[in-house]
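Chain and residue survey
Listed below, chain by chain, are the residues.
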Amino acid sequence: MRLGLRDGAESSFAVRFAWLTGLRLIVLTIVLIVMTTIYLGGIGTRADSSRIAMLTFAVAFALTGIYAAVLRLGKGLPLLAYGQMFIDQIAWSMIVYVSGGAASGATSLYGFTCLCGAILLGLRGALIGLIAGASSYALLCTLLVQGYLLPPPDQPLEAYATSWSEAAFPLVLNLLAMSVVALLGSYLAERLRITGGRLVVATARAEQAERLAALGRLAAGLAHEIRNPLGSIVASIELLRTGGSLGAEDEALCAIIERETTRLNELVTDMLDVSRPRAPSKAPMDFAATARDVVMLAGKSGRGRDVPLRYVGPDSLEIEADTAQMRQVVWNLLRNAIQASSAGAEVIVRVEADAGGAVVLAVEDRGVGIPPEARERLFDAFFTTRSQGMGIGLAVVKRILDDHGFGIEVESESGKGTTFCVRIPHSKELALAPS
């Protein structure tokens, strides 16, 4: 795990660290109570062991206050976590020393620190905890066996392993237990992280679905009210034009009104498409003819008059799909390409069958391209890189293609344009007529 955490990851790490620091404080308190009341028989009854234990706990509690202060600052938390693991493993070694050495029951506390490291830092944290715990425990056992460190004077000598024949079994067994706890803890922590990530994604999708449902209810209510006056406006413009008395300025104003009403009508249609999806009704259709018709229609309306449109492909190419929905896919991709293009920049719609029999639709523009950071969200509803529009058209395309089981890819280069490529898998009925 990198030491430089970012944004949400840093916040999540700080929360986990705070919780584990609090849990560590509880464990320290419980161990203190057990040590002083059960094992040592009360403070002062075994002076040397009590002093070592109380000094260890005093340092551990004092460091907890320092950890809390650094947590409030929110800086250097991973380094602090590593330091905490090393210090805790040394503290547990001191408790092991006054409670029986190699055969002490307090050796299980090493596993607690390994588990905390796994939760905080994954496999690396678990391994650091394991290395620190195993090193301090093995060093303690070695010092006791070699005679460099004597048991506390107030403890019975027979309770301590002072030869390798006595220390080998508990040493190996405890090291093995530590390793198992560290590896198992890191595995479970990783699974929890993956599950948590999936839960976040599922929650985001549920929230998006809820927003779309609310939009659907709103769109259904407004669509009728909006389309009626739009129809009246368009009809009125046509009547004015048929009168033959409009000047050049009035004609220009009528063209503006017609263009804006068309844009409003497309917006209403997009809102209804994305908020009230229907299952595709698949049947054989001539996809090439559909794409060619959409190109011809788009070239006679809106900005299609300013942007040259060209269809490249066969006269006929049959696939199995929902005709109306696939027409909508071509229309939305073509409209998106036109909006991304400057006047005079050609947009090309290609339809072809590849060597494997799959049908490929490519819509190419020569616009400014799509920024890399925006590509991941390109098909999200209400996400757009343009100042106009609501970011609905491409969301509709993605939903329709997903419902059909078709794929879509985006290739874009800054300043050179963008290509949307739809791949339709080979169907049983695939007919190709020469152009």
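Everything numeric here is computed off the predicted structure, so don't read it as measured data. (Residues numbered from 1 in each chain as written. Predicted model: local features only at pLDDT ≥ 70, side-chain atom pairs only at ≥ 80, totals over all residues. Heavy atoms only, no water.)

1. A look at helix 3 (residues 77-98)
Given a rise of 1.5 Å per residue, 22 residues ought to cover 32 Å, and the 32 Å separating the end C-alpha atoms of helix 3 matches this to within 8%. Counting buried residues in helix 3 gives 16 out of 22 residues, a clear majority hidden from the surface. Trailing helix 3 by a residue or two, Gly100 shows a phi angle of about 125°, which is positive. (Helix = DSSP H or I, 4+ residues; strand = E, 2+ residues; numbered from the N terminus. Expected span 1.5 Å × (residues − 1). Buried < 20%, exposed > 50% of the residue type's maximum accessible area, 1.4 Å probe, protein only.)

2. Digging into the pattern of salt bridges
According to the stated counting rule, one finds eight salt bridges in the structure shown. As a salt-bridge pair, Asp354 and Arg423 come within 3.4 Å of each other at their nearest N and O atoms. Linking Asp354 in the loop between strand 4 (347-353) and strand 5 (359-364) with Arg423 in strand 7 (residues 417-424), this pair joins segments that are 69 residues apart in sequence. Of the residues examined, Arg423 reaches a relative accessible area of 43% and is grouped as partly exposed. One network of salt bridges, in which partners are shared, links Arg350, Glu364 and Arg366. (Salt bridge = Lys/Arg side-chain N within 4 Å of Asp/Glu carboxyl O.)

3. So, the nonpolar core
In this structure, Phe17, Phe57, Trp92 and Tyr137 are the most contacted members of the largest nonpolar core, which totals 48 residues. When residues of this core are assigned to their parent elements, the largest contribution, 15 residues, is made by helix 4 (residues 108-146). Here Tyr137 is in contact with Ser93, Val96, Gly101, Ala102, Thr107, Tyr110, Pro170, Leu171, Asn174, Leu175 and Met178, once residues within four sequence places are set aside. Phe287, Ala288, Val351 and Val397 belong to the second largest nonpolar core, which has 41 residues in total. (Core = buried A, V, L, I, M, F, W, Y, C linked by side-chain atoms within 4.5 Å. Contact = heavy atoms within 4.5 Å.)

4. Comments concerning the packing of helix 7 (residues 287-298) against helix 8 (residues 323-340)
Where helix 7 contacts helix 8, the axes come no closer than 10 Å and their chain directions differ by 40°. Accordingly, the angle class assigned to the pair helix 7 and helix 8 is oblique. Seen from above, helix 7 lies across helix 8 with right-handed handedness. Facing Phe287, Thr290, Ala291, Asp293, Val294, Val295, Leu297 and Ala298 of helix 7, the residues of helix 8 in contact are Met326, Arg327, Val330, Trp331, Leu334 and Ile338. When grouped by side-chain class, the residues that make up the contact of helix 7 with helix 8 number 11 nonpolar, one polar and two charged. (Axes fitted to C-alpha atoms, helices over the stretch in contact; angles between N-to-C directions. Parallel < 35°, antiparallel > 145°, perpendicular 65-115°, else oblique. Left-handed = near helix turned anticlockwise from the far one by under 90°. Nonpolar A, V, L, I, M, F, W, Y, C, P; charged D, E, K, R; others polar.)

5. Observations concerning the packing of aromatic side chains
Applying the stated criterion to the full structure yields one aromatic pair. Geometrically, the ring pair formed by Tyr110 and Tyr137 is tilted, given 5.6 Å between the ring centres and 55° between the ring planes. By relative accessible area, which is 0% here, Tyr110 ends up buried. A relative accessible area of 0% means that Tyr137 is categorised as buried. (Phe/Tyr/Trp six-rings, centres within 6.5 Å; stacked < 30°, edge-to-face > 60°.)

6. Section: the UniProt feature "transmembrane region" (unreviewed entry) in the protein
The UniProt record annotates "transmembrane region" (unreviewed entry) at residues 17-40, 52-70, 90-120, 127-149 and 169-189. Secondary structure within residues 52-70 divides into 100% helix and 0% strand; the distance between the first and last C-alpha atoms comes to 27 Å. A distance of 19 Å separates the end C-alpha atoms of residues 90-120, which is 71% helix and 0% strand. (UniProt positions renumbered as here; feature names shortened; annotations may be inferred.)

7. Some points on the environment of Ala291
Along the chain, Ala291 turns up in helix 7. For Ala291, a relative accessible area of 0% translates into the label buried. For the pair formed by Ala291 and Arg350, sequence separation is 59 residues and the distance between their alpha carbons is 8.7 Å. Not counting chain neighbours up to four residues away, the residues in contact with Ala291 comprise Tyr311, Val330 and Val351.

8. So, the pairing of strand 6 (residues 407-413)
Every other side chain in a regular strand lies on the same face of the sheet, so the side chains alternate between the two faces. Judged from the seven bridges that link them, strand 6 and strand 7 form a sheet pairing that is antiparallel. In the strand pairing of strand 7, Ile408 is matched with Val422. Count of turn residues in the strand 6/strand 7 antiparallel hairpin: three residues, of which Gly415 carries a positive phi of about 80°. (Pairing = 2+ DSSP bridges.)

9. Observations concerning the sheet that holds strand 2 (residues 309-312)
Across the sheet, which stays open at both edges, the five strands sit in the order 2-4-5-7-6 with mixed pairing between neighbours. Two strands lie at the open edges of the sheet, namely strand 2 and strand 6, each paired on one side alone. Taken pair by pair, the neighbouring strands of this sheet meet at an average axis angle of 15°, ignoring direction. Summarising the sheet, strand 4 and strand 5 pair through six bridges and their orientation is antiparallel. Looking at strand 5, one finds that Ile348 is bridged to Glu364. Along the sheet face, helix 7 touches strand 2, strand 4, strand 5 and strand 7 and points at about 170° away from the line of strand 2.

10. Observations regarding the packing of helix 3 against helix 4
One way to put it is that helix 3 packs onto helix 4 with a least axis distance of 8 Å and a crossing angle of 35°. The handedness of the crossing between helix 3 and helix 4 comes out as right-handed. For the contact of helix 3 with helix 4, the residue count by class is 18 nonpolar, eight polar and two charged.

11. Points about a nonpolar patch on the surface
On the surface, Leu176, Val180, Leu184, Tyr187 and Leu188 cluster together to form a nonpolar patch covering roughly 510 Å² of accessible area. Structurally, Leu184 can be placed in helix 5 (residues 164-242). With a relative accessible area of 48%, Leu184 lands in the partly exposed category. (Patch = residues over 30% accessible without salt bridge, like charges linked within 9 Å, V, L, I, M, F, W, Y side chains within 5 Å. Areas by Shrake-Rupley, 256 points an atom, 1.4 Å probe, with all protein chains shown as cover.)

12. Things to note about the pairing of strand 7
Counting buried residues in strand 7 gives six out of eight residues, a clear majority hidden from the surface. In terms of strand pairing, strand 5 meets strand 7 through six bridges, oriented antiparallel. Paired with Glu364 across the bridge in strand 7 is Thr419.

13. Re helix 8
Taking 1.5 Å per residue, 18 residues should reach 26 Å; helix 8 reaches 26 Å between its end C-alpha atoms and fits that length. The buried fraction of helix 8 is high, at 13 of 18 residues. The residue sitting at the N-terminus of helix 8 and contributing the capping side-chain oxygen is Asp322; that oxygen lies 3.1 Å from the backbone nitrogen of Ala324. (Polar contact = N/O pair within 3.5 Å; in protein donor to acceptor, adjacent residues only side chain to side chain.)

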